[in-house]
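Given next are the chains, with one letter for each unit.
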Amino acid sequence: MASGNGTSNAEIADRLESFASLLDLAGSSYYTARAYRRAAEMIRETKAPIADLVRSGRVRELRGIGPGIEARLRELVETGRIAELDELESEVSPELVGLGQFLGFGPKRAVEIGRALGVRTVEEFREAAAEGRLSSVPGIGPKTEAKLLAALARESRPRPRRGMLLNRARALLDGIAQALGGEIAGDPRRWRDVNEVFAIVCLGPHPEPLLERFERLPQIVSVVERSERRAMGVTVEGVPVELMVAEPARLGTELVRATGSEAYVAALGALPDAADEEGVYRALGIPFCPPELREEPFRGEPPILVGLEEIRGDLHVHTDWSDGKATVLEMGEAALGLGYEYLAICDHTRNVRVVPGLDADDVRRQGEEIAAANELLAPFRILRGIECDILPDGSLDLPDDVLAELDWVQASVHAGQRAPAEEITKRTVEAMGHPAVRCLSHPKGRIINHRPENALDLERVFEVALETGVAVEVNGLPDRLDLRDVHVRAAVEAGVPVVCSTDAHSVRGLGNMRLSVATARRGWATATNILNTRPLSEIAERNR
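Criteria and thresholds
- Residues numbered from 1 in each chain as written.
- Predicted model: local features only at pLDDT ≥ 70, side-chain atom pairs only at ≥ 80, totals over all residues.
- Heavy atoms only, no water.
- Phe/Tyr/Trp six-rings, centres within 6.5 Å; stacked < 30°, edge-to-face > 60°.
- Buried < 20%, exposed > 50% of the residue type's maximum accessible area, 1.4 Å probe, protein only.
- Helix = DSSP H or I, 4+ residues; strand = E, 2+ residues; numbered from the N terminus.
- Lys NZ or Arg CZ within 6 Å of the ring centre and 35° of its normal.
- Pairing = 2+ DSSP bridges.
- Contact = heavy atoms within 4.5 Å.
- Axes fitted to C-alpha atoms, helices over the stretch in contact; angles between N-to-C directions.
- Right-handed = clockwise from strand over helix to strand, strands pointing away.
- Disulfide = S-S within 2.5 Å.
- Arc of directions from axis to C-beta.

A.B. asks: Would you mind showing me how to read the packing of aromatic side chains here?
C.D. replies: Enumeration according to the criterion identifies three aromatic pairs in this entry. Arranged with centres 5.2 Å apart and planes meeting at 65°, the rings of Y281 and F288 form a pair that is edge-to-face. A relative accessible area of 2% means that Y281 is categorised as buried. Residues F298 and W524 carry aromatic rings whose centres are separated by 5.1 Å and whose planes lie at 85° to one another, so their mutual orientation is edge-to-face. Taken together, the residues span a long stretch of sequence, with F298 in the loop between helix 14 (277–284) and strand 8 (313–317) and W524 in the loop between helix 21 (513–522) and helix 22 (536–540) at a distance of 226 residues. Since its relative accessible area comes to 19%, W524 is described here as buried. Positioned above the aromatic ring of W191 is the side chain of R170, whose terminal nitrogen or guanidinium carbon lies 3.7 Å from the ring centre. Directly above the ring of W524 sits R489, whose terminal nitrogen or CZ lies 4.0 Å from the centroid.

Here you go:
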């Protein structure tokens, strides 16, 4: 990677991401690796040239950049390298670690096996396996050897052991696609909440240069399969990424195939050759289908799905009054910069406990700050809102007179997600009957890869929502995306209003609206179904 004016934000972010991954593998502090990973995410999304900020000594003005990360950035910008990263790459052997993750064993075990066999690369590992040397490694018996040999020889598409969150999956593929001039495909192109299939499709009459560039990318630590127009690379975390270099006449064909899902593509039958996806659908004699709806077999006319550009405001964000990182004014200015007409500040109440929450006096004092911000930002409007905890008996965590003053009330269950269906449903619908409540936050309470959905009876919730006019939320936090796609579709079919919101805890978090909208699109939502595609005057109306 060259230093100088050509050092792009994407290149810098990739190197910090690699550094964070290797710190993880080397057993460094979890918080240190997380700090570098967050810095990489921030740099990737920053419009100002990071290299220029480093040279001018202003990079620490960015949130999350401390002296340690600043020193690494300065070294990278001035020399094109990070010496400690080079050392870690030499010690940890990320190519072998990536292969190990791909085959199903952890980083430490990968290093142990590599040392026992005297190998450091994928090719050397394959040769050792083919020579029957795996059985010489302590802990690898005949059954384990057979499993590893089968994994190395498998023809089916490999999948990571654990699905990747949508924001990270999109960032991974966006970086690779940008470097190769390709298009993202696989699960991230369909905006799945949990991603297992990763693919890039490139146009290339001559595939060899693209395949070589792919192999040299910092995100790819090993290439485990390669043919004339295809390669399967693996990241240091063991995530398999397929690259397909398509002939010009088949670019659309390969993009449809690689986007999936397997069930959807199989149901289309033999795919005709076409230079673009529209050509594929024309040749099949069926309407074009947006990627978000290509999960199950479907050949009909899709609805006109809601678009990100149709969102007029965000109705669930936090500030530094609770667990957010920005002030009321900073969040308002950022929302105005996105072209929004309104923003609802919905900080937590006291009962949430695990983070700071507001009581009645706090809510009223915050109202004064919101009024001052509105004077500065008019005609843009910041709404006085709250994310009010639903107590175990279904009552709300603020007095009725305070709730009545607010413009927008989100009701949320935080503690008690494992309660039986009858209990959590009764608690929730009781709160939905409160005249101040406008929206039910993250109804199913899941944390992807950590906590399953609760037992809330959505059919009963939708019945009450229709009776009370309460909307249901598609929460845009990457580890929530709640309601998820199938539940959004059920809400749409029931006629329940849906709100796409971010639950942003920072200015950067406002960008998660694209994840919320994409999830709503996967649930077949049109702009008519989404409450915050409407002007504020319509949202303010109460027909309860």
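A.B. asks: Any chance you could explain the sheet that holds strand 14 (residues 498–501) here in plain terms?
C.D. replies: With parallel pairing, seven strands are arranged side by side in an open sheet as 8-9-10-11-12-13-14. The outermost strands of the open sheet, each flanked by one partner alone, are strand 8 and strand 14. Its contacts with the sheet put helix 16 (residues 360–377) on strand 9 (342–345) and strand 10 (381–389), and the angle it makes with strand 10 is roughly 155°.

A.B. asks: Which parts of the structure should I look at to understand unusual backbone geometry?
C.D. replies: For residues besides glycine, phi is generally negative; the peptide bonds are generally trans as well. In this model, G260 is joined to S261 through a cis peptide bond whose omega is -5°. Topologically, S261 is positioned in the loop between helix 12 (251–259) and helix 13 (262–268). In the segment running from A378 into P379, the intervening peptide bond is cis, with an omega of 10°. With respect to the element layout, P379 can be found in the loop between helix 16 and strand 10.

A.B. asks: Mind showing me how you'd approach the sheet that holds strand 5 (residues 222–226) here?
C.D. replies: Across a sheet, strands are paired by hydrogen bonds formed along the backbone, either parallel or antiparallel in direction. Spatial strand order, 2-4-7-6-5: five strands in an open sheet with mixed pairing. The open sheet has two free edges, formed respectively by strand 2 (183–186) and strand 5, since each of these has just one partner strand. Strand-to-strand twist across the sheet, computed as the mean angle between neighbouring axes with direction ignored, equals 25°. For strand 5 and strand 6 (residues 230–234), the ladder comprises four bridges, and the chain directions are antiparallel. Residue pairing across strands places S222 opposite V234, the latter belonging to strand 6. Where helix 10 (residues 166–180) meets the sheet, its contacts fall on strand 2, strand 4 (198–203) and strand 7 (240–246), and the angle it forms with strand 4 comes to roughly 20°.

A.B. asks: Whenever I open this one, the pairing of strand 6 confuses me. Can you help?
C.D. replies: In the case of a regular strand, side chains alternate between the two sheet surfaces. A large share of strand 6 lies buried, amounting to four of its five residues. As paired elements, strand 6 and strand 7 share five bridges and run antiparallel to each other. Looking at the pairing, V234 lines up with P240 of strand 7. Taken together, strand 6 and the strand that follows it, strand 7, pair antiparallel across an intervening segment of five residues, in which G238 is found at a positive phi of about 85°.

A.B. asks: Can you help me understand the pairing of strand 9 in this one?
C.D. replies: Because side chains alternate across strand 9, one face comprises the buried residues Y342 and A344, and the other comprises L343 and I345, equally buried. Across three bridges, the pairing between strand 8 and strand 9 is parallel. Residue pairing across strands places G313 opposite Y342, the latter belonging to strand 9. Remark: the strand 8/helix 15 (residues 328–337)/strand 9 crossover connection has right-handed handedness. The β-α-β motif built from strand 9, the intervening helix 16 and the parallel element strand 10 has right-handed crossover chirality.

A.B. asks: So what exactly am I meant to see when it comes to the state of the cysteines here?
C.D. replies: Here is the idea: a disulfide is a covalent bond, and it sits between the sulfur atoms of two cysteines. With the rule as written, the count across this model stands at zero disulfides. This cysteine, C346, is not joined by any disulfide, and C439 carries the nearest cysteine sulfur, 8.6 Å off. By relative accessible area, C346 is classed as buried at 0%.

A.B. asks: What is the right way to read helix 20 (residues 485–494) from this model?
C.D. replies: Residue pairs three or four apart in sequence face the same way in an α-helix, which turns once every 3.6 residues. Residues of helix 20 that are buried: D485, H487, V488, A491 and V492. For helix 20, the arc enclosing every buried residue in end-on projection is 160°, short of the 170-degree limit, so these residues lie on one face. On the buried face of helix 20, the contacting elements are helix 19 (458–468), strand 13 (471–475), strand 14 and helix 21. Looking one or two residues past helix 20, G495 carries a phi angle of roughly 85°, positive in sign.

Remember, this is a structural readout, not a statement about activity or role.
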